Amino acid sequence: MREAIKEAARAWLHLTIGAAVSLLCYLMVGVVLFTAVLTLTVIGAGVLPESVLLLRRLAGWQRRRTAAWTGTPVPEAYPALEGPLPARVRTAVTDPGTRQDLVWAAAQLLYGMVLWYLSLIVWVPALLVDGVWTGLAGRRPVALPLIGRLAGLAADWSRALLTPAPSAVRDAALAARVEQLTATRAGAIAAHGAELRRIERDLHDGAQARLVALSMRIGLARRAYASDPATARRLLDDAQTQAEEALAELRHVVRGIHPPILTDRGLTGAVRALAASSGLETAVAVTGLGDHAQDGPRAPAAVEAAAYFVVAEALTNAAKHSGADRASVSLSREPAALRVRVRDEGRGGAEAGESGGSGLTGMRRRVAALDGTVRLTSPVGGPTVIEVELPCVW
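This structure is a prediction, so every number in the text was calculated from the model and none was measured.

Taken from the UniProt record, the annotation "transmembrane region" (unreviewed entry) applies to residues 12-29, 35-55 and 109-129. Secondary structure over residues 12-29 splits into 100% helix and 0% strand, and the C-alpha atoms at its two ends are 25 Å apart.

Helix 5 (residues 145-162) packs onto helix 2 (residues 48-70) with a crossing angle of 135 degrees between their chain directions and a minimal axis gap of 10 Å. Relative to helix 5, the element helix 2 lies oblique. For the pair helix 2 and helix 5, the crossing hand works out as left-handed. Residue-level inspection shows Ala59, Gln62, Arg63, Thr66, Trp69 and Thr70 of helix 2 in contact with helix 5, the latter providing Gly148, Ala151, Gly152, Ala155, Ser158, Arg159 and Leu162.

Sheet topology note: the strand 3 (residues 337-344)/strand 5 (residues 384-391) ladder contains 8 bridges and is antiparallel. Counted as the bridge partner of valine 342 is isoleucine 386 from strand 5. Here strand 4 (residues 373-377) pairs with strand 5 via 5 bridges, running antiparallel. Directly across from threonine 373, in strand 5, lies its bridge partner glutamate 389. Connecting strand 4 to the next strand, strand 5, in antiparallel fashion are 6 residues, including glycine 381 with a positive phi near 100 degrees.

Moving on, we get to the sheet that holds strand 4. The 5 strands are arranged 1-2-3-5-4 in an open sheet whose pairing can be described as mixed. Of all strands in the sheet, those bounded by a partner on one side alone are strand 1 (281-287) and strand 4. Going across the sheet, the axis of each strand differs from the next one's by a mean of 10 degrees, ignoring polarity. The sheet contacts of helix 9 (residues 301-322) involve strand 1, strand 2 (326-334), strand 3 and strand 5, and relative to strand 3 the element is tilted by about 5 degrees.

Taking 1.5 Å as the rise per residue, helix 8 (residues 260-276) with 17 residues should run 24 Å; its terminal C-alpha atoms sit only 17 Å apart, a clear shortfall. Within helix 8, the axis deviates most sharply at glycine 266, by approximately 120 degrees. Residues of helix 8 that are buried include every one of Leu262, Gly266, Leu267, Thr268, Gly269, Ala270, Val271, Leu274 and Ala275, and no others.

Another aspect to go through is a nonpolar patch on the surface. Judged by side-chain polarity, Leu13, Ile17, Leu24, Tyr26, Leu27 and Trp61 come together as a nonpolar surface patch covering roughly 590 Å² of accessible area. In terms of residue count, the dominant contributor to the nonpolar patch is helix 1 (residues 2-40) (5 residues). Its place among the elements puts tryptophan 61 in helix 2. Judged by relative accessible area, which is 36%, tryptophan 61 ranks as partly exposed.

Attention now moves to the packing of aromatic side chains. In the structure shown here, the tally under the stated rule is 3 aromatic pairs. Ring plane angle 45 degrees and centroid distance 5.3 Å describe the contact between tryptophan 116 and tyrosine 117, whose orientation is recorded as tilted. Ring geometry for tyrosine 308 and phenylalanine 309: centres 5.7 Å apart, planes at 80 degrees, overall edge-to-face. As far as the burial class goes, tyrosine 308 and phenylalanine 309 line up, both buried. If you follow arginine 366 out to its NZ or CZ, it ends over the ring of phenylalanine 309, 4.1 Å from the centre.

In this section: the nonpolar core. Of all hydrophobic cores here, the largest spans 34 residues; its most connected members are Leu267, Val311, Leu338 and Val340. Breaking this core down by element, the ones donating at least two residues are helix 8, helix 9, strand 2, strand 3, helix 10 (358-368) and strand 5. The greatest single-element share of this core, amounting to 12 residues, is contributed by helix 9. Beyond its immediate sequence surroundings of up to four residues, valine 340 is in contact with Ala307, Val310, Val311, Ser330, Leu331, Ile386, Glu387 and Val388.

Moving on to the layout of surface pockets. Within this model, the second largest pocket holds a volume of roughly 400 Å³. Secondary-structure elements contributing two or more residues to the lining of the second largest pocket are helix 4 (96-135) and helix 6 (166-224). Split by residue class, the lining of the second largest pocket holds 11 nonpolar, 3 polar and 4 charged.

Summary: where empty space remains is shown by rolling a probe the size of a single water molecule over the atoms. Taken as a whole, this structure holds 2 cavities of 30 Å³ or more when the rule is applied. Estimated volume of the second largest cavity: approximately 70 Å³. As for the second largest cavity, its lining consists of His14, Leu15, Gly18, Ala19, Gln62, Arg65, Gln108, Tyr111, Gly112, Ala154, Ala155 and Ser158. Of all the secondary-structure elements, those providing two or more residues to the lining of the second largest cavity are helix 1, helix 2, helix 4 and helix 5. Of the residues assigned to the lining of the second largest cavity, the class counts are 5 nonpolar, 6 polar and 1 charged.

Reading the values: rules and limits
- Residues numbered from 1 in each chain as written.
- Predicted model: local features only at pLDDT ≥ 70, side-chain atom pairs only at ≥ 80, totals over all residues.
- Heavy atoms only, no water.
- UniProt positions renumbered as here; feature names shortened; annotations may be inferred.
- Helix = DSSP H or I, 4+ residues; strand = E, 2+ residues; numbered from the N terminus.
- Axes fitted to C-alpha atoms, helices over the stretch in contact; angles between N-to-C directions.
- Parallel < 35°, antiparallel > 145°, perpendicular 65-115°, else oblique.
- Left-handed = near helix turned anticlockwise from the far one by under 90°.
- Contact = heavy atoms within 4.5 Å.
- Pairing = 2+ DSSP bridges.
- Expected span 1.5 Å × (residues − 1).
- Bend = angle between axes of the 7 residues up to and from the residue.
- Buried < 20%, exposed > 50% of the residue type's maximum accessible area, 1.4 Å probe, protein only.
- Patch = residues over 30% accessible without salt bridge, like charges linked within 9 Å, V, L, I, M, F, W, Y side chains within 5 Å.
- Areas by Shrake-Rupley, 256 points an atom, 1.4 Å probe, with all protein chains shown as cover.
- Salt bridge = Lys/Arg side-chain N within 4 Å of Asp/Glu carboxyl O.
- Phe/Tyr/Trp six-rings, centres within 6.5 Å; stacked < 30°, edge-to-face > 60°.
- Lys NZ or Arg CZ within 6 Å of the ring centre and 35° of its normal.
- Core = buried A, V, L, I, M, F, W, Y, C linked by side-chain atoms within 4.5 Å.
- 1 Å grid on protein atoms, 1.4 Å probe; cavity = no way out; pocket = protein on both sides within 12 Å on 5 of 7 lines; lining within 4 Å.
- Points joined across faces, edges and corners; volume = space filled by probe spheres on them.
- Nonpolar A, V, L, I, M, F, W, Y, C, P; charged D, E, K, R; others polar.

Put into structure tokens, the structure is as follows:
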């Protein structure tokens, strides 16, 4: 009996809030219709989109209430009210979701109040009937659950009225996808520009400077060769050293574009090499991938390069900033993705957003360009875990 009363009280509270929503719907329907009439005279054109946004928020709240009661989310599909005022007014007026929300608001005004009144009527008789039926006869309550059924009926009607048409859901999903791809493309372009600037800087400050010095040394050696062979040989030795340093700089630049070790040893071998040179005690676990470039199927080159740079950036950050002495790297092959997980036992506190530093920002952009996802978990005190999923076809 106690549980039945508790469930009935919960259902009655749901209906009571629904009655309050009905009163808000009464106001919203009046506001939207009033601004629509004013829009015909151009006076209310600026208010109509804002009124429709308020109606959308009220309908969205009802969707969340219905989802909380039933346990099943209620989808929503609205085009964005953006752009100049005429475009926003046109979208607000022509959007089928606006008409659907108005129909729901008018219906909610009726069934919300009616069901609440019915629950008030049922409460006292239900307590008396179930008090006798349960207390004396020892049977299950039969009247109090009616209030829960009224709440369920209200939720079912709200779901039926607020669920958009499948075509609207597809259009909204497509619009969201286009927006996501637009942001991803912008991030990829920004990352590409930053990478080009880095390569140009590395060439200008590194290899180019060494090659200029090398040319000067060879010129000096040529002029000194006839008069001072010992000085000429010393200059040529210096030139050879600078040539080797210039080659090392060029190799460094090439590794930043596409590491040759990926081609030679595959992703697993390349990651093991990163772990060995990271300065940390790093354990590498591999699932579903071969240990060498020739072992089994490989992910596309772009996916392998992105995974390699994720591991390199994560281990570099761990070595420089985390204060950790141990880390672990996990590579796993999924049916349609490559999953990378890097964990360090440092102090944590890494920023999860765009303010997390240029390294993390570049990592996110590189992964987003391949439609992948990055998840960073770094509570203060550690550990820091970076999980990346890169879609690919094996």
